[in-house]
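Coordinates in review
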Amino acid sequence: HSCNLQSGFVSSAIAGRCKARRTRVAAVKSCLFMRRNAKAFVVLLLSLIDCTTSMAVRPKLNTCRPGPNLKPPEREDPPAPPGPRDVVVRCYDISTPELCQAMSLLAFKPAYWFPKLSIGVGGRVWSYDGEPEATYDAIIANAAGGTPLRTWNLGPTSKSDAEIDAVIAEMAATDYAPTEYDFFMRNCNHFCLDLSERLAGSWNELDAKFMDERVIAESEAILNSMPGGALQQAMTRTVTRQVQKIIIKSWRKEWKRALAEYEQEQGIPIAKRIATAD
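This structure is a prediction, so every number in the text was calculated from the model and none was measured. (Residues numbered from 1 in each chain as written. Predicted model: local features only at pLDDT ≥ 70, side-chain atom pairs only at ≥ 80, totals over all residues. Heavy atoms only, no water.)

Each helix and strand counted, the chain has 8 helices and 5 strands in total. Taken across its 278 residues, the chain has 35% of its residues classed as buried. The contacts in the chain between residues at least 6 apart in sequence include a share of 77% that link residues at least 24 apart. (Helix = DSSP H or I, 4+ residues; strand = E, 2+ residues; numbered from the N terminus. Buried < 20%, exposed > 50% of the residue type's maximum accessible area, 1.4 Å probe, protein only. Contact = heavy atoms within 4.5 Å.)

This part takes up the layout of surface pockets. Space inside the largest pocket adds up to approximately 970 Å³. Along its surface, the largest pocket is lined by 34 residues, and Ile94, Leu99, Met103, Phe114 and Phe183 are the ones closest to its centre. With 8 residues, the single largest contributor to the lining of the largest pocket is helix H8 (residues 229–265). Looking at the lining of the largest pocket residue by residue, the classes come out as 24 nonpolar, 7 polar and 3 charged. Taken as a whole, the second largest pocket spans an internal volume of roughly 210 Å³. Contributing to the lining of the second largest pocket are 13 residues, with Pro178, Thr179, Tyr181, Gln244 and Lys245 lying nearest its centre. Residue composition of the lining of the second largest pocket, by class: 3 nonpolar, 4 polar and 6 charged. (1 Å grid on protein atoms, 1.4 Å probe; cavity = no way out; pocket = protein on both sides within 12 Å on 5 of 7 lines; lining within 4 Å. Points joined across faces, edges and corners; volume = space filled by probe spheres on them. Nonpolar A, V, L, I, M, F, W, Y, C, P; charged D, E, K, R; others polar.)

Of all the bends found along H8, the most pronounced is centred on Val243 and spans about 30 degrees. Here H8 has its buried residues at Gln233, Thr236, Arg237, Thr240, Gln244, Ile248, Arg252, Trp255, Lys256, Leu259, Tyr262 and Glu263. In this fold, the buried residues of H8 make contact with helix H3 (97–107), strand E2 (115–121), strand E4 (132–135) and helix H4 (137–144). (Bend = angle between axes of the 7 residues up to and from the residue.)

So yeah, pure geometry; function would need other evidence.
Structural data, given as structure tokens:
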């Protein structure tokens, strides 16, 4: 019985050494494989990170952010004409004295301008008003009473028109569905910035800072000085969400009318027109 037990220990020890040796050999082979293919793994990892970053959805705020509301930036000349697949974001000021006065009274602080972004690729342009919508920069420029204050060329997108349409459709069905629209926290500026990152990746640090602090912050911070604090902010946003349903419906109707008139004036072939009936 003692011999059998000793023999069993020896057999177990030998088996254990063999298993350990096989494990070390496998580890060495794995390391060698990783070294030989290190570049491929790095490229794959970076591509996954880039893909994840470009598809990230900007969080929708529940409360107003701190900070002041600033006057509109000075108009700058646009960069060189874009290439056929370049992603171009334009920033307009669609404010009027009456709108600024009304918002200032509502917010208990000065409102100086109403930034509105558009995004375009290859002659196609989109914005957002509760639904992602195709438009023309000329229509927005007319509403703004002038050319954009800023224009950013983010470089070419690798996506085809069909792939861009799929991205926009996915956004329209999820994070930018009509129920997600909010005058302050999820509007056309949030949509265009998000879409630009999905199509062309992250912005450079300087432009990203400008976009966040001078454009996105305008709506996200406008209610932060209300005397009733968070409670009054919440009540104002609740009322606004009800009113915006009526305003957006009327505004969209006028927008479609302007699109139809523009396409007719420009003689755009019917097959290529984007205006649709209500």
